[in-house]
Amino acid sequence: RRDATNVPAQSLTLLNDPFIIDQARHWAATLPPDADENTRIGLLFERALNRPPSDAEVAQAQAFLYAIDDEHRATSAQFTEIQSELQSQRDALRGIVDPVRKRLLDERRRAVAAANEGIVPEPVDLKPIARWDFDEHLEDRVGELDGQLKGTARFEDGAVVVDGGGFVETPPLPVNLAEKTLEAVVQLDDLEQRAGGVMTVQDLQGGVFDSIVFAERKPRRWVAGSNSFTRTLDFEAPDETEAAARPVHLAITYAADGTIRCYRDGEPWGQPIRKAPLHTYAAGQAQVLFGLRHGKAAQGNKPLKGRILEAALYDRALAPDEIRASATGDRVFVSERDVLDALTDAQRAKKTEHETAIAALETKMDELTRLGSNVPVEQRRWQDLAHALFNLKEFIYLR
């Protein structure tokens, strides 16, 4: 809805809102890749304004494209440079922390083995607010979020089977939920399917959601799905190659500062992302789904095809060691506090130095990502022209 106003909020929205920019990207992606420049310009004008461009407008559009090419190449180079430095800082941080963590784990394993004389201790309790084993029923082993089969979803050999025509939903969550971890073990029917959700938290209308999604933005890539990609960016992780042949353990964590991380089989999968603040799901106004990206019915490209063997929901972002312990079944656990206490003063100082550098680089990456610097130059030039047409007065007031 557009209100009559003399303030610039609406114009600024058209210029800067992530939804508008994303729509420009989607629109530009529909242009035929083999068409020449003038043909593409003509198609954009015809679709936006229901008329072909004038000769002057073609010339202006060409000048616009050429003017932004140099800028895009510069910001893309800057993005690549920052990305490389960020990876170097993260590697240096792991070089400090990982050896200490490994030493503590080895010491504790030896101590546990000696104390129990070969008896395997109980696994670490990471205290989820809900857990589903999916052996023969949909019972929540921790709380009251027992699921219900919908459509063609069924039990089979210790898993929930979803075939594109069914899913599982739970009653409303009894608590507020913002910071969280979604965890699931899943085996896909095939790797060619697109945009199905493994595990989702959504509002009761199905419009706002966060989800473990397969191949929505890119084929064979896991993604943290969200409504209109509001909190979604690519993790820049490798393609999934094994999930159709065996079950894989997936976890996506949502930290208080909006940082989202993906883990596969207990290890970090790709890079952390941060695009927008977390959404808070109010108690009694949200639920969990399995096998459906979001919504109230299995339709379109939302359903998943595969087997979900188990899942858990946490009201906090699990630490990497916690996810590793959960994924591997390791009975010995070392917390981040344990690692920090075991560092020397010099190691703590270097750790803080690297973490400060990482935070600053992530902020720069966020800004460049918002500007589209992670998008290939050829794609960005047409996205920017499409975005410019969105801001033409003729487009805004077209009836």
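In case you missed it, the structure is sitting above this.
### A few points about the overall build of the protein chain
Along its length, the protein chain carries 9 helices and 14 strands. Along the three orthogonal principal directions, the C-alpha set of the protein chain runs to about 85 × 55 × 45 Å. Residue burial in the protein chain is summarised as follows: out of 399 residues, 44% are buried. Long-range pairs, those at least 24 residues apart, make up 66% of the contacts in the protein chain between residues at least 6 apart in sequence. Looking at the protein chain as shown, the accessible area adds up to about 19800 Å², and 52% of this sits on carbon and sulfur atoms.

### A look at the environment of phenylalanine 64
Secondary-structure assignment places phenylalanine 64 in helix H4 (residues 55-116). Residue contacts for phenylalanine 64: discarding those within four places in its chain leaves Asp384, Leu385 and Ala388.

### A short note on unusual backbone geometry
A positive phi is found at serine 228, a non-glycine position, where the angle reads about 55°. Its location among the elements puts serine 228 in the loop between strand E9 (222-226) and strand E10 (248-254). With a phi angle near 60°, phenylalanine 229 is a residue other than glycine that sits in the positive phi range.

### Brief notes about the pairing of E10
Burial analysis of E10 places 7 of its 7 residues in the buried class, which makes it a mostly covered element. Residues of E10 alternate between two faces, with Val248, Leu250, Ile252 and Tyr254 on one and His249, Ala251 and Thr253 on the opposite face, all of them buried. Here 5 bridges tie E10 to strand E11 (residues 260-264), and the two strands are oriented antiparallel to one another. Note on E11: the bridge partner recorded for alanine 251 is tyrosine 263. Linking E10 back to E11 in an antiparallel pair, the connection comprises 5 residues, with glycine 258 at a positive phi of about 95°.

### Concerning the pattern of salt bridges
For the coordinates displayed, the defined rule picks out 39 salt bridges. Note that aspartate 234 is salt-bridged to lysine 218, the shortest N-O span being 3.6 Å. Here aspartate 234, found in the loop between E9 and E10, pairs with lysine 218, found in the loop between strand E8 (209-214) and E9; they are 16 residues apart in sequence, far enough to count as distant. One network of salt bridges, in which partners are shared, links Asp98, Arg101, Glu267, Asp321 and Arg324.

### A short note on helix H2 (residues 18-29)
The end-to-end C-alpha distance of H2, which contains 12 residues, comes to 16 Å, matching closely the 16 Å that a straight helix rising 1.5 Å per residue would cover. Regarding H2, the residues found buried are Ile20, Ile21, Asp22, Ala24, Arg25, Trp27 and Ala28. Looking at the buried positions of H2, the neighbouring elements they touch are helix H1 (9-16), helix H3 (37-49) and helix H8 (377-390). Where H2 begins, the side chain of aspartate 17 points an oxygen toward the backbone nitrogen of phenylalanine 19, at a separation of 2.8 Å.

### Brief notes about the sheet that holds strand E7 (residues 196-203)
Read across the open sheet, the 6 strands follow the order E2-E5-E13-E7-E8-E9; overall the sheet is antiparallel. What marks the edges here is a single partner per strand, and that holds for strand E2 (148-151) and E9. Across the sheet, the mean angle from the axis of one strand to that of its neighbour is 20°, orientation sign disregarded. Inspection of the sheet shows strand E5 (residues 166-169) paired to strand E13 (residues 286-290) by 2 bridges, in the antiparallel sense. Pairing of valine 168 across the sheet is with phenylalanine 290, part of E13.

### Focus: the packing of aromatic side chains
By the definition in use, this model includes 5 aromatic pairs. Taking 4.9 Å as the distance between ring centres and 75° as the angle between the ring planes, the aromatic pair formed by tryptophan 132 and phenylalanine 290 counts as edge-to-face. Pair noted here: tryptophan 132 is in strand E1 (residues 130-132) and phenylalanine 290 is in strand E13, with a separation of 158 residues, a long-range link. With a relative accessible area of 1%, phenylalanine 290 lands in the buried category. Put simply, the rings of Trp27, Phe390 and Phe395 touch in pairs and so form one group of aromatic residues. Sitting over the face of the ring of tyrosine 254, lysine 180 holds its NZ or CZ atom 4.2 Å from the ring centroid. Of note, arginine 264 hangs over the ring of tryptophan 269, and the distance from its end group to the ring centre comes to 4.8 Å.

### Points about the packing of H3 against H8
How two helices pack is summed up by the angle between their axes together with the distance between the axes. In the contact formed by H3 and H8, the axes pass within 10 Å of each other and the chain directions differ by 35°. As for how H3 packs across H8, the hand of that crossing is right-handed. Within the contact between the two elements, H3 uses Glu37, Arg40, Ile41, Leu44, Phe45 and Ala48 and H8 uses Glu378, Arg381, Trp382, Leu385, Ala386 and Leu389. Along the lines of polarity and charge, the residues of the contact of H3 with H8 split into 8 nonpolar, no polar and 4 charged.

### Observations regarding the pairing of E11
The side chains of a regular strand alternate, first on one face of the sheet and then on the other. Summarising burial for E11: 4 of the 5 residues are buried, a large majority. Bridging between E11 and strand E12 (residues 267-268) involves 2 bridges; their strand directions are antiparallel. Bridging across to E12, tyrosine 263 finds its partner in proline 268. In sequence, E11 turns back onto E12 through a hairpin of 2 residues, with aspartate 265 there showing a positive phi of about 50°.

What counts and what doesn't
- Residues numbered from 1 in each chain as written.
- Predicted model: local features only at pLDDT ≥ 70, side-chain atom pairs only at ≥ 80, totals over all residues.
- Heavy atoms only, no water.
- Helix = DSSP H or I, 4+ residues; strand = E, 2+ residues; numbered from the N terminus.
- Buried < 20%, exposed > 50% of the residue type's maximum accessible area, 1.4 Å probe, protein only.
- Contact = heavy atoms within 4.5 Å.
- Areas by Shrake-Rupley, 256 points an atom, 1.4 Å probe, with all protein chains shown as cover.
- Pairing = 2+ DSSP bridges.
- Salt bridge = Lys/Arg side-chain N within 4 Å of Asp/Glu carboxyl O.
- Expected span 1.5 Å × (residues − 1).
- Polar contact = N/O pair within 3.5 Å; in protein donor to acceptor, adjacent residues only side chain to side chain.
- Axes fitted to C-alpha atoms, helices over the stretch in contact; angles between N-to-C directions.
- Phe/Tyr/Trp six-rings, centres within 6.5 Å; stacked < 30°, edge-to-face > 60°.
- Lys NZ or Arg CZ within 6 Å of the ring centre and 35° of its normal.
- Left-handed = near helix turned anticlockwise from the far one by under 90°.
- Nonpolar A, V, L, I, M, F, W, Y, C, P; charged D, E, K, R; others polar.

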